[in-house]
Amino acid sequence: MADMMASCIDLDNTYDYKDATTAHILTLNIGQRRSTGKGTKRNVEFAFPLTLTHERMEYTRGRIDTIGSRNYTVINPRLYYESIWKEDRYTFRASTSYLTAAANFLQLMPFRDDRNPLMVREGNADLKQSWIYNVEMSLAMRLRSASQMLSFGVSANIYGNQIANGFTFNPTTGVYTYRPENVNGNWDIKGDANYSISFGKEQCFKFENRASASFLHSVDIASVDGSTQAMLSKVNTTLINDKASFAFSRKELRMEASGSLTLRHTVSALDVFESINAADFSYGMNARYTIPLLKLTAQTDITMYSRRGYGSSEFNTDDLIWNATLSRPFLKGKLVVYADALDILHNRRSTQYAVNAQGRTITWQRSMPSYAMLRVQWRFNYNPKKK
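The paragraphs below set out a description of the structure included in this document. (Residues numbered from 1 in each chain as written. Predicted model: local features only at pLDDT ≥ 70, side-chain atom pairs only at ≥ 80, totals over all residues. Heavy atoms only, no water.)

Thoughts on the sheet that holds strand β7 (residues 119-122)
Here is step 1 of the chain: Ordered in space as β6-β7-β11-β10, the four strands form an open sheet in which the pairing is mixed. Only two strands of the sheet have a single neighbouring strand rather than two, namely β6 (112-116) and β10 (162-170). Across the sheet, the mean angle from the axis of one strand to that of its neighbour is 30°, orientation sign disregarded.
Here is step 2 of the chain: Relative to strand β11 (residues 175-183), β10 is paired through nine bridges, and the arrangement is antiparallel. Its bridge partner lying in β11, Asn 170 is registered against Val 175. (Pairing = 2+ DSSP bridges. Helix = DSSP H or I, 4+ residues; strand = E, 2+ residues; numbered from the N terminus. Axes fitted to C-alpha atoms, helices over the stretch in contact; angles between N-to-C directions.)

Examining the packing of aromatic side chains
Here is step 1 of the chain: The final tally for this structure, using the stated rule, is 15 aromatic pairs.
Here is step 2 of the chain: Relative to Phe 48, the ring of Phe 46 lies with its centre 6.4 Å away and its plane at 35°, an arrangement referred to as tilted.
Here is step 3 of the chain: On the basis of an interplanar angle of 20° and a centroid distance of 6.1 Å, the ring pair of Tyr 176 and Tyr 178 is categorised as stacked.
Here is step 4 of the chain: A connected cluster of aromatic rings, assembled from ring pairs, spans Phe 167, Phe 169, Tyr 176 and Tyr 178.
Here is step 5 of the chain: A cation over an aromatic ring shows up here: Arg 70 above the ring of Phe 105, its NZ or CZ 4.6 Å from the ring centre.
Here is step 6 of the chain: In this arrangement the basic side chain of Arg 121 is found over the ring face of Tyr 178, its NZ or CZ atom lying 5.1 Å from the centre. (Phe/Tyr/Trp six-rings, centres within 6.5 Å; stacked < 30°, edge-to-face > 60°. Lys NZ or Arg CZ within 6 Å of the ring centre and 35° of its normal.)

Brief notes about the side chain of Ser 196
Here is step 1 of the chain: As for its position among the elements, Ser 196 is in strand β12 (residues 186-199).
Here is step 2 of the chain: Beyond its immediate sequence surroundings of up to four residues, Ser 196 is in contact with Ser 147, Gln 148, Met 149, Lys 206, Phe 207 and Glu 208. (Contact = heavy atoms within 4.5 Å.)

Remarks on the pairing of strand β8 (residues 130-142)
Here is step 1 of the chain: Here strand β5 (residues 90-101) runs beside β8; their pairing, made up of twelve bridges, is antiparallel. Bridging from a neighbouring strand, Ser 97 pairs with Asn 134 of β8.

A word on the pairing of strand β14 (residues 231-250)
Here is step 1 of the chain: Note: strand β13 (residues 205-222) against β14, 18 bridges, orientation antiparallel. Residue pairing in the sheet places Ala 222 in a bridge with Met 231 of β14.
Here is step 2 of the chain: Bridging between β14 and strand β15 (residues 253-268) involves 16 bridges; their strand directions are antiparallel. Along β15, the bridge assignment pairs Ala 244 with Gly 259.
Here is step 3 of the chain: Between β14 and β15, which pair antiparallel in sequence order, lie two residues; one of them, Lys 251, sits at a positive phi of approximately 55°.

Quick notes on unusual backbone geometry
Here is step 1 of the chain: Phi at Lys 332 takes a positive value of approximately 60°, unusual for a residue other than glycine.
Here is step 2 of the chain: Looking at the secondary structure, you find Lys 332 in the loop between β18 (318-330) and β19 (335-342).

So, the environment of Lys 190
Here is step 1 of the chain: Tracing the chain through its elements places Lys 190 in strand β12.
Here is step 2 of the chain: Under the relative-accessibility criterion, Lys 190 is labelled partly exposed at 39%.
Here is step 3 of the chain: Through-space distance from the C-alpha of Lys 190 to that of Ile 64 is 47 Å; in sequence the pair is 126 residues apart.
Here is step 4 of the chain: Excluding its chain neighbours within four sequence positions, the residues that come into contact with Lys 190 are Gly 153, Val 154, Ser 155, Ser 212, Ala 213 and Ser 214. (Buried < 20%, exposed > 50% of the residue type's maximum accessible area, 1.4 Å probe, protein only.)

Details of the environment of Ala 222
Here is step 1 of the chain: If you trace the backbone, Ala 222 turns up in strand β13.
Here is step 2 of the chain: Ala 222 gets classed as buried once you look at its relative accessible area, which sits at 13%.
Here is step 3 of the chain: Separated by 166 residues in the primary sequence, Ala 222 and Arg 56 place their C-alpha atoms 33 Å from one another.

Keep in mind that these numbers describe shape and distance, not what the molecule does.
So, in structure tokens, the structure goes:
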């Protein structure tokens, strides 16, 4: 039996490793806070975390029996500035940071995984550290009265040495050989504007709108029909989003109507996929009411989720989702019993469609999209006895 089991093991594709990591973390923090009698406040913070890492790995795979070690340094310097003036009516914030990260040590091992003879995977000992440079700025204003708020923000990210899945193709044997590779050229920029106002008796009405626009330049490794070598796939994506809501709150009643719209334009420099000009939008309502005499709270929400412009009818969908919850507290609020009903109309799909900067992804999930559930929440506090 033992000899038979041993003959079943694919030694070249069975590996064992022990990884030990020692990290020394050093952090330098410098900060300054200033304030004046005229309601002006300024705050400057500088942080420089430094992590010195030593990693040692014992790796066994087939004919490979090696001990590898590496020393690397991870830095994450960050500079933050904040200014508040005119009695907290105006707030300006700005920050910048730089973050590095090392590749997984297993990816550096000289292995060759051919469990699937047509899809061979290899390690890459030449992987470099990846890094991200970030810049953010925002301005928030309280207009005339505390019931109106307006804010603007902008952020940008530059990515270096990101790890992608490269490959080569042998047309004679039909074998793909995959290995991780570093790619450069990824960056994105985003801007947003938010406005909210409360009005009416006891500020019972509130309107809020959030708008944003972003541009993503994505560089990855992809294949083109007929090519034997992986090529850099450069994709530009423009996103415009707006979300608005109008709410009413009075004593035990709260009602809200909301809607959102996202416009997408995605274009590929290579002939990897067709350009996407699509729109995702949703609209719906939610409400919550507590019956004081019974201490019973009813909460419900119904929303229509729609998609257009994805080319295929299976992507262009309309899903009306309705959820409801009943809850009641007991024992002076320590015990709360909930009765939930999710997706009452049975419209939620087990298939999800997602579009990122490099293409379209379809995900099937084994789940119960529609169900009812009874749950109990118990809250308790324990305070030591005073001497």
